[in-house]
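Residues per chain, in single letters:
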Amino acid sequence: MNLSTYSKSELTTLLKSLKSYRALEKFVGRRGRAIFARSQSGTKVSRVEYFGEEDKVILEPMVIAAYARHFGETIDSKSIEWKQNDAIRGGIRIFSGDDMMDISFQEVENRLKR
C-alpha cells in the first residue's frame with residue numbers, strides 16, 4: 001500500500017479508525033472487533049433477550065411497539081436477533097445497537113436494592 005496516493009483527510013480518517021479499533025480491541029476484546037465492523041458498515045444490531053420458554057409470537061408485537069416508542073425506529077421482526085437469557089429472571093431486554101431498554105425482573109430487583 002502506497003500511502004502517498006491518499007489525501008491528508010483520507011489518512012486522518014484512516015488513523016481515527018485504527019485508533020478506534022485498537023481501543024475497542026483493548027477494552028472490549030473479541031466483541032470489540034464486531035462493534036468496529038458494525039460501525040464501519042453502518043449496520044445496527046437489534047437484539048431481544050427474553051426469559052425462559054417465552055413464546056416469541058406473543059412477544060413480537062410488544063417488542064416492535066417498544067422499538068418504535070423507545071428508540072423511534074420501525075423494525076421488521078425478521079431482523080431481530082432473539083436470545084434466551086434466564087439470568088434476567090423474567091421480562092425482556094431490548095437492544096438497538098449499543099442502547100438498551102431493560103424491562104426485566106432482575107432490573108427491578110437491582111433498583112429495589114439501592
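Look above for the structure.
The model shown is predicted, which means the values in this text are computed figures rather than measured ones. Note that residues are indexed from 1 along each chain, following the sequence as it is written. Local features in a predicted model are, by the rule used here, given only for residues with pLDDT of at least 70; side-chain atom pairs are given and counted only at 80 or more, and totals for whole chains, interfaces and linings are based on all residues. Here the side-chain values reflect all heavy atoms present in the structure, with hydrogen atoms and water set aside.

Visitor: Before we move on, could you go through the packing of aromatic side chains and cite the residues and values that matter?
Guide: We call Phe, Tyr and Trp rings a pair once their centres come within 6.5 Å, taking the six-membered ring for Trp, and we label the pair stacked below 30 degrees between planes, edge-to-face above 60, and tilted otherwise. Overall, the coordinates contain 3 aromatic pairs when judged by the stated rule. Taking the centre distance of 5.1 Å and the plane angle of 70 degrees together, the rings of Y21 and F36 count as edge-to-face. Of this pair, Y21 sits in helix α1 (residues 8–28) while F36 sits in helix α2 (residues 30–41); the two residues are 15 residues apart in sequence, bridging distant segments of the chain. Centroid distance Y50 to W82: 6.1 Å. Interplanar angle 65 degrees. Geometry classified as edge-to-face. Placement of Y50 in strand β1 (residues 46–50) and of W82 in strand β2 (residues 81–84) is noted, with a sequence separation of 32 residues between them. Pair check on accessibility: Y50 and W82 agree, each one buried. Strands are runs of DSSP state E lasting at least 2 residues, helices are runs of H or I lasting at least 4, and numbering of each runs from the N terminus. When accessible area is computed with a 1.4 Å probe and restricted to protein chains, residues below 20% of their type maximum are described as buried, those above 50% as exposed, and intermediate ones as partly exposed.

Visitor: Describe the packing of α1 against α2, listing the residues and the values that go with them.
Guide: Axis lines are fitted to C-alpha atoms, over the contacting stretch for helices. Their N-to-C directions set the angle, which ranges from 0 to 180 degrees. With their axes 6 Å apart at the nearest point, α1 and α2 run at an angle of 150 degrees to one another. Taken together, the axes of α1 and α2 are roughly antiparallel relative to one another. In this structure, the crossing between α1 and α2 has a hand that is right-handed. Contacts between α1 and α2 involve S17, S20, Y21, L24, E25 and V28 from the first element and R30, R31, G32, R33, I35, F36 and Q40 from the second. Broken down by class, the residue content of the contact of α1 with α2 amounts to 5 nonpolar, 4 polar and 4 charged. Each angle is binned into one of four classes, with values under 35 degrees roughly parallel, values over 145 roughly antiparallel, values of 65 to 115 roughly perpendicular, and all other values oblique. Rotating anticlockwise by less than a right angle from the far helix to the near helix defines a left-handed crossing, while the corresponding clockwise rotation defines a right-handed one. Residue contacts follow a heavy-atom distance rule, with two residues in contact if any of their heavy atoms lie within 4.5 Å. Only Asp, Glu, Lys and Arg are considered charged, only Ala, Val, Leu, Ile, Met, Phe, Trp, Tyr, Cys and Pro nonpolar, and every remaining residue, Gly among them, polar.

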